[in-house]
Amino acid sequence: MNIKDVMNYENIDFSGMERSYFLLGLLSAFENRFQAMADRTMEEISWKQFFAIICISLCKENPSIKELAEILGSSHQNVKQILLKLEKKGFVNIYEDPEDRRKQRIGLTDYCRNFCERNNEKTTQVMEKMFEGVSQEQMQTAISTIIQIENNMKEI
């Protein structure tokens, strides 16, 4: 499979492109298209805001802003802006860590949990449609590849 099978770029010659560049371009274009689709699908919040909620919910304890920034792979300032918007909409509480007043922790609200429950069926349908025809083996290969590339990036 090549990029012309995935996208409609008849005027571009990809034949001389190194596969690593092709993959990075494909990932970048995919992320843009996915974000646009997810933003249209979600009500009330953007995909980036929803992703932050997902990451917060996966933490064993309420994460600090710094911890969440590391998980999201984003800067402290960008994450803080996302969280302030979520707080204004009633999705999260930002509070001082009782043991270390320099840290701010993030907790999900009941409103957020109800929102996730209301949207669970819709998000499940979207995910099933997106991954239709993708085998578990293909999924594991993609996951392993991205993890290896990310580990390599840490050394740069």
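Right above here is the structure, for reference.
This text gives an overview of the structure that appears in the document. Every chain's residues receive numbers from 1 upward, in the order its sequence appears when written. Per-residue local features are limited, in this predicted model, to residues with pLDDT of at least 70; the limit for side-chain atom pairs, both in listing and counting, is 80 or more; totals at the level of whole chains, interfaces and linings are taken over all residues. Processing note: side-chain calculations cover all non-hydrogen atoms of the structure and skip hydrogens and water entirely.

**With respect to the overall build of the protein chain**
Per the convention used, a helix needs a DSSP run of H or I reaching at least four residues, while a strand needs a run of E reaching at least two, with both numbered from the N terminus. Within the protein chain one finds 7 helices and 2 strands. What you see in the protein chain, going N to C, is helices and strands ordered as α-α-α-α-α-β-β-α-α. If you line up the protein chain on its principal axes, its C-alpha atoms span 55 × 40 × 30 Å. Put simply, the protein chain has 156 residues, and 27% of those count as buried. Every residue pair with non-hydrogen atoms within 4.5 Å of one another is taken to be in contact. In the protein chain, the proportion of contacts linking residues at least 24 apart, taken out of those at least 6 apart, comes to 45%. For the protein chain, the exposed area adds up to about 11,600 Å²; of that, 52% sits on carbon and sulfur atoms. The classification of residues rests on relative accessible area computed with a 1.4 Å probe and restricted to protein chains. Under 20% of the type maximum is buried, over 50% is exposed, and intermediate values are partly exposed. Using a 1.4 Å probe, the Shrake-Rupley method yields the accessible areas, and only the shown protein chains count as cover for residues.

**A word on the side chain of T109**
Take T109: it is sitting in the loop between β2 (104–108) and α6 (110–130). Setting aside chain neighbours within four positions, we find T109 in contact with G90, F91, V92 and N93.

**Looking at the state of the cysteines**
Pairs of cysteine sulfur atoms within 2.5 Å are what we label disulfides. In the structure shown here, the tally under the stated rule is 0 disulfides. Left unpaired, C59 is separated from the closest cysteine sulfur, that of C55, by 7.3 Å. Here C112 stays free of any disulfide, with the sulfur of C116 as its closest cysteine sulfur at 4.3 Å.

**Describing the environment of Q49**
Checked against the element boundaries, Q49 lands in helix α3 (residues 47–58). Separated by 30 residues in sequence, Q49 and V79 have C-alpha atoms that sit 9.1 Å apart. The residues contacting Q49, other than those within four sequence positions of it, are E44, I82, K85, L86 and K89.

These results come straight from atomic positions and should not be treated as a statement about function.
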